[in-house]
Amino acid sequence: MDICIVTVYNNESCGSYWQAYALKNTIEKLGHKVFFYKIDKKGSAHSIPFHLVEGAKKLIKFKFDDISMGIKSYNGFCKAQKEFTVINKNSKQIENIDCYVIGSDTVWNLEKKKFYDKINIFFGLEFDEKKVITYAASAANTKKEKFSENSKIKNGIRKMADISVRDINTYEIVSDVFGIESKLVCDPTLLLDKEEYNALIKDNIKFENSPILIYYFGEFTNDTIVKIKELKSKTGKQIISLGKYRAWCDINLPFDPYLFIQCFRDCSFVLTNTYHGSIFSLIYQKQFADYGQEKKKIEYLLSSLKAEKAFADFGEDLIPFYDNRLDYSVINDEINKLKNSSEQFLKRNLIQINEK
């Protein structure tokens, strides 16, 4: 059967890339052919105008290292996204699509204009005559009121054949606003194991001496930087900063999906405040310090998988986090339960198509 995934596949985000790849890979294993519905990347981090504006800002401040990283990041994602077969409403293949799968990622984050402006796409209204389901859709931190005030959203939700979401906030929105009980499933990146990711980078030479990885959006507080430097001193490990140039780090690397996997494969410890930084720390069974507890999707992720001990406060001593704080025998049991039920959701919905 022909399946079309509707998600953010073309942003300059390692997490967005891998959730799209993992869902594609999982559906292909079920015997289906997979396409991606074309999403306009205008205004996204993976557009030339965006890079030109950001490059000009950095040039004025003489941040030449940042400019170089931006160019490398753009080129890396251009290469990686060739993995996806993209179609639009005028494509010949569109006539043969049997089911549209909306998600994963924060495709229902109505606080962001790029999603709000594409309600017709991300709530399935453009695919009126075909089966539409969601897989692991997320509203991020969007409040319920945003959903109830738009009639288009209600129409789209009501027409969906089945709905699955990846966090409790989105589950409660679907339940309380629309009276529908959705299925809580895992992010698609958890459907693949580390051996499958490692196979994609088998020719990449390992980083020496298992460095510490920083995959963090924004700026650290000064007292947290002090604690990171103390961790470096006590462990003797180099520090990699992925996606952002930080002069106090030993190695600075651009955002790149495959460098992302390599870093998680080779690092000894992770500092993050991102959703997929948290997930890949779990996939690779790393000890990590997570500063993302104010994000509902991360708070739910770690609490549901019994990994709350990874949450760190700014300026907190990092040595206890480095020294085997997480019990992966327990965490992996929770991941496997969620993974199994999530796979069943996809099988149930896509096998029904085959039976027709």
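Summarised in this report is the structure supplied together with it. Source: prediction; values computed, not measured. Numbers given to residues run from 1 along each chain, matching the order in which its sequence is written. Under the rules for a predicted model, residues below a pLDDT of 70 receive no local features and side-chain atom pairs below 80 are neither given nor counted, while totals for whole chains, interfaces and linings still include all residues. Side-chain figures throughout are based on the complete set of non-hydrogen atoms in the structure, without hydrogens or water.

**Some points on the sheet that holds strand 11 (residues 269-272)**
Part 1 of the argument: Pairs of strands are assigned from DSSP output, requiring at least two bridges between the strands. The helix count covers DSSP runs of H or I at least four residues long, the strand count covers runs of E at least two residues long, and both are numbered beginning at the N terminus. Pairing is parallel in the open sheet, where five strands are placed in the order 10-9-8-11-12. Because the sheet does not close on itself, it has two edges, and the strands there are strand 10 (251-253) and strand 12 (287-290). Sheet twist, expressed as the average angle between the axes of neighbouring strands with direction ignored, equals 20 degrees.
Part 2 of the argument: In terms of strand pairing, strand 9 (residues 239-242) meets strand 10 through three bridges, oriented parallel. Following the sheet pairing, Ile240 is matched in strand 10 by Ile251.
Part 3 of the argument: Packed on one face of the sheet, helix 12 (residues 275-283) meets strand 8 (212-215), strand 11 and strand 12 and runs near 165 degrees to strand 12. Lines fitted to C-alpha atoms define the axes, with helix axes restricted to the stretch in contact, and inter-axis angles between N-to-C directions lie between 0 and 180 degrees. Contact between two residues is taken to exist if any of their heavy atoms lie within 4.5 Å; hydrogens are not considered.

**Some remarks on the pattern of salt bridges**
Part 1 of the argument: Should a side-chain nitrogen of Lys or Arg be within 4 Å of a carboxyl oxygen of Asp or Glu, the pair is scored as a salt bridge. Taken as a whole, this structure holds 13 salt bridges when the rule is applied.
Part 2 of the argument: Among the ionic pairs, Glu28 bridges to Lys24, the shortest N-O distance being 3.0 Å. Note that Glu28 and Lys24 are positioned in helix 1 (residues 14-29) at a spacing of four residues, about one turn of the helix.
Part 3 of the argument: A salt bridge links Glu196 to Lys29; the nearest nitrogen and oxygen atoms lie 2.4 Å apart. Linking Glu196 in helix 9 (residues 194-199) with Lys29 in helix 1, this pair joins segments that are 167 residues apart in sequence.
Part 4 of the argument: Counted as one network, the salt bridges with shared partners bring together Lys24, Glu28 and Glu83.

**What to know about helix 13 (residues 296-304)**
Part 1 of the argument: Remark: exposure states derive from per-residue accessible area (1.4 Å probe, protein chains only) relative to the maximum for the residue type, with buried under 20%, exposed over 50%, and partly exposed in between. All of the buried residues along helix 13 are Lys297, Ile298, Tyr300, Leu301 and Leu302.
Part 2 of the argument: With its phi angle positive at about 60 degrees, Lys306 sits one or two positions after the end of helix 13.

**Focus: the pairing of strand 1 (residues 2-6)**
Side-chain positions along a regular strand alternate between the two faces of the sheet.
Part 1 of the argument: In terms of burial, strand 1 is a largely internal element, five of the five residues being buried.
Part 2 of the argument: Both faces of strand 1 are covered, namely the face carrying Asp2, Cys4 and Val6 and the face carrying Ile3 and Ile5.
Part 3 of the argument: As judged from the four bridges shared by strand 1 and strand 2 (residues 33-37), these two strands associate in the parallel manner. Of the residues in strand 2, the one forming a bridge with Asp2 is Lys33.
Part 4 of the argument: For the crossover that starts at strand 1, traverses helix 1 and ends in the parallel strand 2, the hand is right-handed.
Part 5 of the argument: Relative to strand 4 (residues 97-102), strand 1 is paired through five bridges, and the arrangement is parallel. The residue of strand 4 that forms the bridge with Ile3 is Cys99. The handedness rule is simple: strands pointing away from the viewer, and a clockwise path from the first strand over the helix to the second, make the crossover right-handed.

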